[in-house]
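Tertiary structure, described
Here is what each chain is made of, one letter per residue.
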Amino acid sequence: MNVFDIIGPVMIGPSSSHTAGAVRLGRVVNKLIDRRTLKRVEITLSGSFAQTYKGHGTDRALLAGIMGYHSYSPEIRDALAIAKDRGIEYTFIKEDIKGAHPNTARIRYFLEDGGEGSMQGASVGGGNILVNQIDGMNVNFNGENNTILVTHQDKPGVIAAVTQLMHWEYADLNISNFHLSRQSKGGEAIMTIEIDGQPPENLIPAIRKIQYVSNAILIRRI
Amino acid sequence: MLKYESIDELVRAAETRGVRISELVLADQAEAMEVTEMELYEKMEIDFSVMVSAVEAGQKKNQKSMSGLTGGEGYKMKKYAEQRDGGLCGPFMARAISRALAVAGCNASMGRIVAAPTAGSCGILPGCLVSLWEDQGFNQKDIVMSMFTAGAFGMVIAKRASISGAQGGCQAECGSASAMAAAALVELMGGTPRQCADACAIAIANQLGLVCDPVAGLVEIPCIKRNVSGLVIAFSSADLALAGIEAKIPADECLDAMRSVGDALPGALKETAKGGLADTPTGQRLQKQVFGEKK
């Protein structure tokens, strides 16, 4: 903790969990979309998010984050209108996601190029978030570190190949957190790798070239 | 390096080195965060400028919250202060009250604020500091420095008690903000580090047990007006300490008491909108007005 955790952050009100945290959840999706053109989003709100989103501007905050704005951007207030201007369709659905944290949102996105994906995460207090699912697979990260998501086929040696590449090519690179989840044995799997500091420029393309890896995405600090 | 585990640690370290708490904390934080003191000072200066803008935004006539339940309080109080020569509280205090209302209202209308320490209690510190800056001619450098003192007290409160309404009730949000502001005010007025601690203790003691009971779960009723009581208590606590009236219970013990009181509070009174004012007939009616029947 430092003095700016107390005097700060600078944020758009009214609520750190229902507004600032919601923007940060939206920003995770913005990183997943990675400059591709967004056509439509379908946002499911669960628990307290579903009950009180209008009074806290949670809907605007999530959309603003998806469009790349920060928790301190004054544009949050006008996010619904900005999305319309940009031709982004949006729908909000209230649904109880079973077993989820009270402030949970699930965001499905559909791109102009036909691509789509989803993210589920929770705003856990004080503007902090926890991402639980990407494309239906379990992950576990809070966006405070640079995070690398590697989707791959569940085969022996894939994790070793990725971490060895990270170690042998970039000796200074340190993994601070590692999480693996898979849909079934031998099926699709996802690694969540959090690292200290900045990732080297060529790391992500290099990981993508590894056998059985289908994709690697970098989610920069939210 | 400081641990920020007790107010007494801050007071003793400042006394030993013969510096103000703000100077001590700025140097310590620069070392801990591995940046220069100038960088940290400038970062805090930005926070202060956001506070000044939030006062301005919240004093506009048409300011309205997202839910429509509140709005225009900062404007009304400012007008009253001008037209009635400050009313009962006097011009300085009435204007300070209008600023606290303005910033809390700015937050409720999705304006930009500095959480200090939280969004719900964001009007107290700017209400105090912007008033000293605009109405009493304090220079900006001293004001910005005093925010390091407020921040240091807040860090100890967060570690030793809580700054979250969901965890400790409103005493942890508006109570903490008020105690932080009281310490900053004492330093600005030339008080000693020990007097800063006394002011903090008095402010905490005066808000012990305050529950977090937001109507409809929104940061509006009673949050916006509680920023006013937090501000007034900050000023009175600072004046008491500066007058040489000591806190009979030391600040750290007040914080420990705040923690146990927070733990003893039932969940209904900790930001769940199930007790207190949220559970009154009018509170329930307002909730339905905003969100419809089902909740």
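Note that this is a predicted model, so its numbers are computed, not measured.

**Some details on the overall build of chain B**
Check the secondary structure of chain B and you find 13 helices and one strand. Along chain B, helices (α) and strands (β) appear in the sequence α-α-α-α-α-β-α-α-α-α-α-α-α-α when read from the amino end. For a compact globule of 295 residues, the expected C-alpha radius of gyration is about 19 Å, and chain B comes in at 18 Å, within 12% of that figure. Across its three principal axes, chain B shows a C-alpha extent of roughly 60 × 45 × 40 Å. Expressed as a percentage of the 295 residues in chain B, the buried residues total 59%. Restricting to contacts in chain B with at least 6 residues of sequence separation, those with at least 24 account for 76%.

**Quick look at the environment of M67 of chain A**
Residues and elements named next belong to chain A. Along the chain, M67 falls in the loop between α4 (58-66) and α5 (79-85). M67 sits 41 residues away from G26 along the chain, and the two C-alpha atoms are 7.8 Å apart. Excluding residues that lie within four positions of it along the chain, M67 makes contacts with N30, A79, I82 and A83.

**Quick look at the interface of chain B and chain A**
By a frequent convention, interface size equals the accessible area lost on bringing the separate parts together. Contact residues are listed per partner, giving 40 residues for chain B and 25 residues for chain A. Elements with a minimum of two residues in the side of chain B that touches chain A: α2 (21-33), α3 (37-58), α5 (91-108), β1 (112-114), α7 (140-160) and α13 (281-291) of chain B. Counting residues per element, the side of chain B that touches chain A draws most heavily on α7 of chain B, which supplies eight residues. A per-class count over the side of chain B that touches chain A returns 27 nonpolar, nine polar and four charged. Pairing of strand β1 (residues 10-12) of chain A with β1 of chain B, which is carried by three bridges, proceeds in the antiparallel orientation. Across the sheet, the residue bridging to I12 of chain A is R112 of chain B, located in β1 of chain B.

**Quick word on the sheet that holds strand β11 (residues 213-219) of chain A**
Residues and elements named next belong to chain A. On the basis of which strands lie adjacent, the open sheet formed by four strands has the order β9-β10-β8-β11 and antiparallel pairing. Strands at the two margins of the open sheet, each flanked by one partner only, are β9 (175-182) and β11. Adjacent strand axes in the sheet meet at a mean angle of 15° when their direction is disregarded.

**A few points about the sheet that holds strand β3 (residues 89-94) of chain A**
All names here are of chain A. Pairing is mixed in the open sheet, where six strands are placed in the order β3-β2-β4-β5-β6-β7. The open sheet terminates on both sides in strands that have one partner only, identified here as β3 and β7 (137-141). Across the sheet, the mean angle separating the axes of adjacent strands is 20° when strand polarity is ignored. The pairing of strand β4 (residues 103-111) with strand β5 (residues 116-125) spans seven bridges and is classified as antiparallel. From the neighbouring strand, I107 faces β5, where its bridge partner is M119. Strand contacts of helix α3 (residues 48-56): β2 (38-47), β3 and β4, with the helix running at about 115° to β2, the strand carrying the most contacts.

**Some thoughts on the confidence of the model for chain B**
Here chain B averages 97 in pLDDT, and 99% of its residues register 70 or above. Taken over the whole predicted complex, pTM reads 0.91, whereas the ipTM for its chain interfaces reads 0.96.

Thresholds, definitions, all that
Residues numbered from 1 in each chain as written. Chains lettered and ligands numbered in written order. Predicted model: local features only at pLDDT ≥ 70, side-chain atom pairs only at ≥ 80, totals over all residues. Helix = DSSP H or I, 4+ residues; strand = E, 2+ residues; numbered from the N terminus. Rg over C-alpha atoms; globule rule 2.2 N^0.38 Å. Buried ≥ 20, exposed ≤ 12 C-beta atoms within 10 Å, placed from the backbone. Contact = placed C-beta atoms within 7 Å. Nonpolar A, V, L, I, M, F, W, Y, C, P; charged D, E, K, R; others polar. Pairing = 2+ DSSP bridges. Axes fitted to C-alpha atoms, helices over the stretch in contact; angles between N-to-C directions. pLDDT = per-residue confidence, 0-100.

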